[in-house]
Amino acid sequence: MPEGHTLRRLARQFSDVFGGQRLAVSSPQGRFSGGAALLDGRVLVAADAHGKHLFLHFDHSLVLHVHLGLYGAWSFGGDSTFAGSSSIGAPRRVGEQESFDDGDGGRPYAGPPEPVGAVRVRLVGTNGWADLRGATTCETITAAEAEAVLARLGPDPLRNRRGDAGRFTTNLQSRTAPLAALLMDQKIIAGVGNVYRAEVLFRRRLDPWLPGTDVPDAEARKLWRDVVSLMNDGVADGRIITTTPRYWTDNGTGGNGKAAARTPVATPAAVSAAVVRTDSYPAREDAHFVYKRHGLPCRVCRTTVLMAELVGRKLYWCPKCQQSG
């Protein structure tokens, strides 16, 4: 499922390519015809995300609310001007992963192609289009209803407003469920998914089975800060990278021949330090400490990484590095 950084990039993309434009809105699939008719011909005035929820605000105070769920994705296309300045390239598909166009080859824009597959909603602007498929939620709601959705969600690390760290701490400490389960509860913290959950717990050396009530204030706030840092990196990079260059193959070059600084990692504080920003990125298999590395040796202590099912999702952790006490 796309995590919070993807939705933030998606909101920026909509603002960049459609902001201030009068859009043609339709439902080629037919399942969203009524909602599309309420938005057709209106101006997109703002695009925002909170956690895993996307909100597209139009000029008559109605909102397109989308939750991608496990299978939803947006696809984009258009002419050479149809690119988000705040994105890395111009995403043509934004879901679990992003892919990028190489340009239009100088061809004139002739409008959107015929819809392919079950397109729930199509937005068409002056220079391009966007199609939504497979979303869990796609609805036209009022501004008041959008506020009600937000009220049900926990704090979003990518907003990181004053008081959010304290609210997150209180949310954690009010529940006896395992910490790993609480991080996936969008009422506790909005935007964290399976990858961030596993990785931040490892980086903070936290036992995933620790009850929320047993998490000290100081540790909860450090956990919040690490999530804030990692998710902001995810927005900038377009992918989740939690390891430092020390753990990358090809002598820390990410396979592109450009050397990256090596940072020793020995403590939770060092592991939680921001990933060094270079023009190098790790190979995908080097990007994480424990996520999808079950059966492999821990990058730090060489103990075998474990996996278990928790609240319907796979949890990954190191039993030595993440011992309680």
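Going by the structure above, here's the rest.
So, here's what we can say about the structure.

Cut-off values and rules
- By convention here, each chain's residues receive numbers from 1 onward along its written sequence.
- At least 70 in pLDDT is required for a residue's local features to be given in this predicted model, at least 80 for side-chain atom pairs to be given and counted, and no such filter applies to totals for whole chains, interfaces and linings, which use all residues.
- Water and hydrogen atoms were dropped before computing side-chain values, which therefore reflect all heavy atoms in the structure.
- Only runs of H or I of at least four residues qualify as helices and only runs of E of at least two qualify as strands under DSSP, and these elements are numbered from the N terminus.
- Each residue is assigned to one of three classes by its accessible area relative to the maximum for its type, calculated with a 1.4 Å probe on protein chains only: buried under 20%, partly exposed between the two thresholds, exposed over 50%.
- Note on areas: Shrake-Rupley with a 1.4 Å probe; residue coverage comes only from the protein chains shown.
- In this description, a nonpolar core means a group of buried Ala, Val, Leu, Ile, Met, Phe, Trp, Tyr and Cys residues linked to one another through side-chain atoms lying within 4.5 Å.
- By the convention used here, residues are in contact when the closest approach between their heavy atoms is within 4.5 Å.
- Each helix should span, by expectation, one fewer than its residue count multiplied by 1.5 Å.
- At least two bridges found by DSSP between two strands are what make those strands a pair.
- Axes here refer to lines fitted to C-alpha atoms; in helices the fit is confined to the stretch in contact. Angles between the N-to-C directions go from 0 to 180 degrees.
- To sort the angles, those under 35 degrees are grouped as roughly parallel, those over 145 as roughly antiparallel, those from 65 to 115 as roughly perpendicular, and the leftovers as oblique.
- Left-handed is the label given to a crossing in which the near helix is rotated counterclockwise from the far helix by less than a right angle, and right-handed is the label when the rotation is clockwise.
- Classes in brief: Ala, Val, Leu, Ile, Met, Phe, Trp, Tyr, Cys and Pro nonpolar; Asp, Glu, Lys and Arg charged; the others, Gly included, polar.
- Pairs were defined over the aromatic rings of Phe, Tyr and Trp, the Trp ring being its six-membered one, requiring ring centres within 6.5 Å. Orientation was assigned from the angle between planes: stacked under 30 degrees, edge-to-face over 60, tilted for the rest.
- We count a charge as sitting over a ring when the NZ of a lysine or the CZ of an arginine lies within 6 Å of the ring centre and within 35 degrees of the ring normal.

## Details of the overall build of the protein chain
Right, so step 1: Scanning the protein chain for helices and strands turns up 9 helices and 12 strands.
Right, so step 2: Within the protein chain, the proportion of its 325 residues that are buried is 53%.
Right, so step 3: Carbon together with sulfur atoms contributes 51% to the accessible area of the protein chain, which is approximately 14,000 Å² in total.

## A closer look at the nonpolar core
Most often, soluble globular proteins keep nonpolar side chains buried together rather than apart.
Right, so step 1: F168, L172, L183, I189 and L223 are the most contacted members of the largest nonpolar core, which has 43 residues in total.
Right, so step 2: Among the secondary structure elements, those contributing two or more residues to this core are α4 (164-173), α5 (179-182), α6 (194-203), α7 (217-237), β11 (306-310) and β12 (313-317).
Right, so step 3: Counting residues per element, this core draws most heavily on α7, which supplies 8 residues.
Right, so step 4: In contact with L223, not counting residues within four places along its chain, are F168, L172, L179, L183, V200, R204 and L206.
Right, so step 5: Counting 30 residues, the second largest nonpolar core, distinct from the first, contains F32, A47, L64 and L68.

## Digging into α7
Right, so step 1: For α7, with 21 residues, the first-to-last C-alpha span of 30 Å sits near the 30 Å given by 1.5 Å per residue.
Right, so step 2: G238 lies just past α7 and shows a positive phi near 75°.

## Focus: the pairing of strand β2 (residues 44-50)
Right, so step 1: Summarising the sheet, β2 and strand β3 (residues 53-58) pair through 6 bridges and their orientation is antiparallel. When the sheet's bridge partners are listed, A46 is paired in β3 with H57.
Right, so step 2: The loop that links β2 with its antiparallel partner β3 comprises 2 residues; one of these, G51, has a positive phi angle of about 60°.

## Looking at the sheet that holds β2
Right, so step 1: Spatial ordering of the open sheet is given by β2-β3-β4-β10, a layout of 4 strands whose pairing is antiparallel. Of all strands in the sheet, those with a lone pairing partner are β2 and β10 (137-142), marking the two edges. Strand-to-strand twist across the sheet, computed as the mean angle between neighbouring axes with direction ignored, equals 20°.
Right, so step 2: Looking at chain direction, β3 and strand β4 (residues 62-67) are connected through 5 bridges and run antiparallel. When the bridges of β4 are listed, H57 appears paired with V63.
Right, so step 3: Contacts between helix α1 (residues 4-18) and the sheet are confined to β2 and β3, with β2 contributing the most and set at about 170° to the helix.
Right, so step 4: Of the strands in this sheet, β2, β3, β4 and β10 touch helix α3 (residues 143-151), which is tilted by about 125° from β10.

## Points about the packing of α6 against α7
Right, so step 1: Closest axis-to-axis distance for the α6/α7 pair is 10 Å, and the angle between their directions is 130°. Between α6 and α7, the crossing angle belongs to the class labelled oblique. Crossing angle aside, the handedness with which α6 passes α7 is right-handed. Where α6 abuts α7, its residues Y196, V200 and R203 lie against L223, D226, V227, L230, M231 and G234.
Right, so step 2: Taken together, the residues of the contact of α6 with α7 sort by class into 6 nonpolar, 1 polar and 2 charged.

## Some points on the packing of aromatic side chains
Right, so step 1: According to the stated counting rule, one finds 10 aromatic pairs in the structure shown.
Right, so step 2: Where F168 meets W224, the ring centres are 5.5 Å apart and the plane angle is 40°; that geometry is what we call tilted. Here F168 is found in helix α4, whereas its partner W224 is found in helix α7, with 56 residues between them in sequence. Residue F168 shares its accessibility class with W224, and that shared class is buried.
Right, so step 3: The interplanar angle of 80° and the centroid separation of 5.7 Å between the aromatic rings of W209 and W317 together place this pair among those described as edge-to-face. With W209 in the loop between α6 and α7 and W317 in strand β12, this residue pair connects regions lying 108 residues apart in the sequence.
Right, so step 4: Taking relative accessible area as the criterion, W209 reaches 35% and is therefore assigned partly exposed.
Right, so step 5: For R122, the ring lying beneath its charged end belongs to W129, and the centroid distance is 5.4 Å.
Right, so step 6: Its guanidinium or amino end placed over the ring of F202, R205 lies 4.9 Å from that ring's centre, counting from NZ or CZ.

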